[in-house]
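A structural walkthrough
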Amino acid sequence: SQQGEEDPQALSIQEGENATMNCSYKTSINNLQWYRQNSGRGLVHLILIRSNEREKHSGRLRVTLDTSKKSSSLLITASRAADTASYFCACSGGYQKVTFGIGTKLQVIP
Amino acid sequence: DTAVSQTPKYLVTQMGNDKSIKCEQNLGHDTMYWYKQDSKKFLKIMFSYNNKELIINETVPNRFSPKSPDKAHLNLHINSLELGDSAVYFCASSHRQHEKLFFGSGTQLSVL
């Protein structure tokens, strides 16, 4: 399965600290995407990284991709209370469908 | 304006009933999806349509029938609802298939 698995499943940090979430997957992918879900809401796309890319930035977000290890990481720098949410990685591979992991629940304490 | 809107937001119904969830997107996207999120927050794709044509149909019971009257709408009809159907159902759309999905706010279905 190309489904991603996030690690850790839950993360609690103080405001201002950096948060790192990891995603591992099993089969080859075309791209990997990260989404955020606030409680009771739909998912919001954060960033997409293609299989031929190694790193991407968007504001306070930094995503890396290591296809040899089949893993990706999402770094949120200088976290804010508003970053409190669940974060999902999503893989798109040979069958093209986007499959999601179970998410990392991030809590940023003010 | 809401980009992907789905109705209703909450749906409480008895086992055995038939219900529908509607989804509309005003983004001009060609591809639409239905996802199911269970109580453990696991998201699983159910269906995907591209330009009104079904392109992904996961192993979903045939009690679930998607209908796409035009590329801006993808509705989900569920027959003979079961307790295990209780979940949050999300509609989504994208410009390019399987990239940067825009999600609706979800429909929480509770089957009693």
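Chains are numbered independently. Their residues run from 1 in the order of the written sequence. Going through the entries in the order they are written, you letter the chains from A and number the ligands from 1. Only residues with pLDDT of at least 70 are given local features in this predicted model, and only at 80 or more are side-chain atom pairs given and counted; all residues enter the totals for whole chains, interfaces and linings. Values shown for side chains rest on all heavy atoms present in the structure; no hydrogens or waters enter the calculation.

Remarks on the environment of R63 of chain B
Residues and elements named next belong to chain B.
- Numbering of helices and strands runs from the N terminus; a helix is a DSSP stretch of H or I covering at least four residues, while a strand is a stretch of E covering at least two. With respect to the helices and strands, R63 occurs in the loop between β6 (53-57) and β7 (64-70).
- Between the C-alpha atom of R63 and that of I78, which follows or precedes it by 15 residues, the distance is 5.6 Å.
- Leave out the neighbours within four places in its chain, and R63 touches H77, I78, N79, S80, L81, E82 and D85.
- Under the rule applied, a polar contact is a pair of N or O atoms within 3.5 Å (in protein, one hydrogen donor and one hydrogen acceptor; residues adjacent in sequence only if both atoms are side-chain atoms). Within the local environment of R63, its side chain forms a polar contact with the side chain of E82, the two groups lying 3.5 Å apart. Contacts were defined at the residue level, with two residues in contact if any of their heavy atoms lie within 4.5 Å.

Quick look at the pattern of salt bridges
Residue and element names in this part refer to chain A.
- A side-chain nitrogen of Lys or Arg and a carboxyl oxygen of Asp or Glu constitute a salt bridge if their distance falls within 4 Å. Scanning the model with the defined rule gives 9 salt bridges over all chains in all.
- Measuring nitrogen to oxygen at the nearest pair gives 2.9 Å for the salt bridge that ties D83 to R60. With D83 in the loop between β8 (71-76) and β9 (85-93) and R60 in the loop between β6 (55-58) and β7 (61-66), this residue pair connects regions lying 23 residues apart in the sequence.
- Burial classification: accessible surface area is computed with a 1.4 Å probe over protein chains only, and a residue below 20% of its type maximum counts as buried, one above 50% as exposed, and the rest as partly exposed. The exposure class of D83 is buried, given its relative accessible area of 9%.

Overview of the packing of aromatic side chains
All names here are of chain B.
- Pairing of aromatic rings covers Phe, Tyr and Trp, the last through its six-membered ring, and needs centres within 6.5 Å; plane angles under 30 degrees mean stacked, over 60 mean edge-to-face, and all others mean tilted. All chains considered together, the criterion is met by 8 aromatic pairs over all chains.
- Taken together, a centroid distance of 5.8 Å and an interplanar angle of 50° make the contact between Y35 and F103 tilted. One end of the pair, Y35, is in strand β4 (residues 31-37); the other, F103, is in strand β10 (residues 102-103), with 68 residues separating them in the sequence. Here Y35 matches F103 in class, with each residue buried.
- Taking the centre distance of 6.2 Å and the plane angle of 80° together, the rings of F90 and F103 count as edge-to-face. On the criterion of sequence distance, the pair formed by F90 in strand β9 (residues 87-94) and F103 in strand β10 is long-range, its members being 13 residues apart.
- With relative accessibility at 2%, the residue F90 sits in the buried group.
- The class for F103 is buried, based on a relative accessible area of 10%.

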